[in-house]
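# Observations on the model geometry
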Amino acid sequence: MNKVQVTECSKENFLSCFYASREPYVLKGLDIGPAPDLWTGEYLMDKLGQDDKEPVRVHVCPHRHMDFINKNFLYRTLPFKDFIKRAQLNRQTEFFISSDERYYLRALGGDPRKEPADFIRQYPELAGDLKLPMFFGPEKVFSSVLRISSPDAQLWTHYDVMDNFLVQIKGKKRVVLFHPRDALNLYLVGDKSSVLDIDAPDLTKYPLFDKAERYECYLYPGDVLFIPSLWFHNVLMYDFSVAVNVFWKHLEAQFYDAKDPYGNKDPPQVQRALQTLDRAMKHLEELPNDFYKDFYAKCMINRLQSKFILQQ
Ligand SMILES: O=C(O)CCC(=O)C(=O)O
Ligand SMILES: [Fe+2]
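The model shown is predicted, which means the values in this text are computed figures rather than measured ones.

### Some remarks on the coordination of the iron ion (ligand 2)
- The protein atoms donating to the iron ion (ligand 2) are His158 (NE2), Asp160 (OD) and His233 (NE2), with metal-donor distances spanning 2.1 to 2.2 Å.
- Here the donor residues for the iron ion (ligand 2) map to a single chain with the spacing H-x1-D-x72-H. One end of the pair, Asp160, is in the loop between strand S8 (154–158) and strand S9 (163–170); the other, His233, is in strand S15 (residues 232–237), and 73 residues separate them in sequence. Neither residue differs from the other here; Asp160 and His233 are each classed as buried.

Written out as structure tokens, the structure is:
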């Protein structure tokens, strides 16, 4: 296991010394404003509990391991006040599935299908309490996302296509990361890993997972975690947790899908390549038996490998 590096450097130092490494860092001691002191559950309910505030759509899950592949959670809409009340508790008196269900809010944009989330515009009641780390020009910002969770919830391992500064405001959490070079060891389905229990993985089902190099850190209020694009991350909340993350474009505009409200669509070039691959697979399906399919699939992998896979 590798520990994610922790530094107390300034923004300028981070950019000149660390950013280019494309490795994760926990940045401590940045001035993020008074939010970590102010944002108790009571305060959030007071600021956002007005009747005219839009209710929130949250994930509701009866298990610790939230699983996007098998969708072991529901989406439910709650008034903000009720959501905050419930998210602070370990056991619910009013619930959708069971008394030990957990909640996770990932704020969406004003028009969730089209617009990325914009924390400052959508939560003006809280915006003055938080100085988001503005490491790059405003034209590079993609979205800023409020994330609130119950204790003992764990978010599935996934990657995002943007650089990310995850600002922890309330509660302690553990973040486990995997380098993009471990993609073949994580049993991916799209942008998510099928290995749900990363602490006790089923190695008979997922033998290669043992090879994936694990990076780990703990985040406390005021900490900012830099997650470079394509790095896999899995987040375990120990407490009622509040965070805001900022997604940044670090590539030129042509490498981002203009219709991506979440920041997790692959580059348009990759989407086209995957469509072509689907067609290629249909052609292989036409072969007379599995032996031929296996052989020619290996020939195709070989071509990809010799042209694109980096030596490790
Ligand atoms: O800490 C969290 O709630 C989730 C972090 C995450 O997946 C992200 O910021 O992209
Ligand atoms: Fe993420």
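Still to come is the rest of the account.
### A short note on the site of ligand 1
- Around ligand 1, the structure places Tyr104, Arg147, Leu155, His158, Asp160, Asn164, Leu166, Lys173, His233, Val235, Asn245 and Phe247.
- Here Asp160 contributes a side-chain N or O atom positioned 3.0 Å from an oxygen atom of ligand 1.
- Note that an oxygen atom of ligand 1 is positioned 2.6 Å from one of the side-chain N or O atoms of Lys173.
- Considering ligand 1 on its own, with 300 Å² of exposed area, one finds that the protein chains cover 99% of that surface.
- Of all the secondary structure elements, the ones that give two or more residues to the shell around ligand 1 are S8, S9, S15 and strand S16 (241–248).
- In terms of residue class, the shell around ligand 1 is made up of 5 nonpolar, 4 polar and 3 charged.

### Here's the deal with the environment of Asp31
- Mapped onto the fold, Asp31 is located in the loop between strand S3 (25–27) and helix H2 (35–38).
- Residue Asp31 is classed as exposed on the basis of its relative accessible area of 53%.
- Linking Asp31 and Lys47, residues 16 residues apart in sequence, is a C-alpha distance of 22 Å.
- Within the structure, Asp31 has its side chain in polar contact with the backbone nitrogen of Gly33 (distance 3.0 Å).
- Here Lys131 takes part through its side chain, which lies 2.4 Å from a polar atom of the side chain of Asp31.

### Things to note about the side chain of Asn245
- Tracing the backbone shows Asn245 in strand S16.
- In this structure the side chain of Asn245 is engaged in a polar contact, spanning 2.8 Å, whose partner is the side chain of Arg147.
- In this structure, Asn245 is in contact with Ser143, Ser144, Val145, Arg147, Asn164, Phe165, Leu166 and Val167, ignoring residues within four places of it in sequence.

### Examining a nonpolar patch on the surface
- Together, Val270, Leu274, Leu277 and Met281 line one region of the surface with nonpolar side chains, adding up to about 320 Å² of accessible area.
- If you trace the backbone, Leu277 turns up in helix H7 (residues 268–285).

### Let's talk about the nonpolar core
- Residues Phe14, Trp39, Phe83, Phe119, Leu130, Leu146 and Ile148 are the most contacted members of the largest nonpolar core, which totals 42 residues.
- Setting aside its immediate chain neighbours within four residues, Trp39 contacts Leu44, Phe119, Leu126, Asp129, Leu130, Ile169, Lys170, Val242 and Val244.
- Formed by 20 residues, the second largest nonpolar core is a distinct cluster that contains Cys61, Val175, Cys217 and Leu225.

### Some details on the pattern of salt bridges
- All chains considered together, the criterion is met by 18 salt bridges.
- Among the ionic pairs, Asp163 bridges to Arg22, the shortest N-O distance being 2.6 Å. Remark: Arg22 occurs in the loop between helix H1 (11–18) and S3 and Asp163 occurs in strand S9; sequence separation between them is 141 residues.
- Judged by its relative accessible area of 24%, Arg22 falls in the partly exposed class.
- Here the salt bridges do not stand alone but share partners, grouping Arg174, Asp199, Arg214 and Glu216 into one network.

### Observations regarding unusual backbone geometry
- The phi dihedral of Lys71 is positive, around 45°, even though this residue is not glycine.
- Relative to the helices and strands, Lys71 resides in the loop between strand S4 (56–61) and strand S5 (74–78).
- Phi at Leu230 is positive, roughly 75°, even though this residue is not glycine.
- Under the relative-accessibility criterion, Leu230 is labelled partly exposed at 40%.

### Brief notes about the sheet that holds strand S7 (residues 141–149)
- Strands sit in the order S2-S3-S14-S9-S16-S7-S6-S4-S5 across an open sheet of 9 strands; the sheet is mixed. Edge strands, defined here as strands with exactly one partner in the open sheet, are strand S2 (5–7) and S5. Mean inter-strand twist for the sheet, computed between neighbouring axes without regard to direction, equals 25°.
- Each of S4, S5, strand S6 (102–106) and S7 touches helix H4 (residues 80–87); the most contacted strand, S6, lies at about 130° to it.

### Some thoughts on the UniProt feature "domain: JmjC" (unreviewed entry) in the protein chain
- Residues given the UniProt feature "domain: JmjC" (unreviewed entry) here are residues 112–265.
- Across residues 112–265 one finds 5% helix and 36% strand; the C-alpha atoms that close the span lie 15 Å apart.

How each quantity is defined
Residues numbered from 1 in each chain as written. Chains lettered and ligands numbered in written order. Predicted model: local features only at pLDDT ≥ 70, side-chain atom pairs only at ≥ 80, totals over all residues. Heavy atoms only, no water. Donors = N, O, S within 2.8 Å, 3.2 Å for Na, K, Ca; no water. Helix = DSSP H or I, 4+ residues; strand = E, 2+ residues; numbered from the N terminus. Buried < 20%, exposed > 50% of the residue type's maximum accessible area, 1.4 Å probe, protein only. Near = heavy atom within 4 Å. Polar contact = N/O pair within 3.5 Å; in protein donor to acceptor, adjacent residues only side chain to side chain. Areas by Shrake-Rupley, 256 points an atom, 1.4 Å probe, with all protein chains shown as cover. Nonpolar A, V, L, I, M, F, W, Y, C, P; charged D, E, K, R; others polar. Contact = heavy atoms within 4.5 Å. Patch = residues over 30% accessible without salt bridge, like charges linked within 9 Å, V, L, I, M, F, W, Y side chains within 5 Å. Salt bridge = Lys/Arg side-chain N within 4 Å of Asp/Glu carboxyl O. Core = buried A, V, L, I, M, F, W, Y, C linked by side-chain atoms within 4.5 Å. Pairing = 2+ DSSP bridges. Axes fitted to C-alpha atoms, helices over the stretch in contact; angles between N-to-C directions. UniProt positions renumbered as here; feature names shortened; annotations may be inferred.

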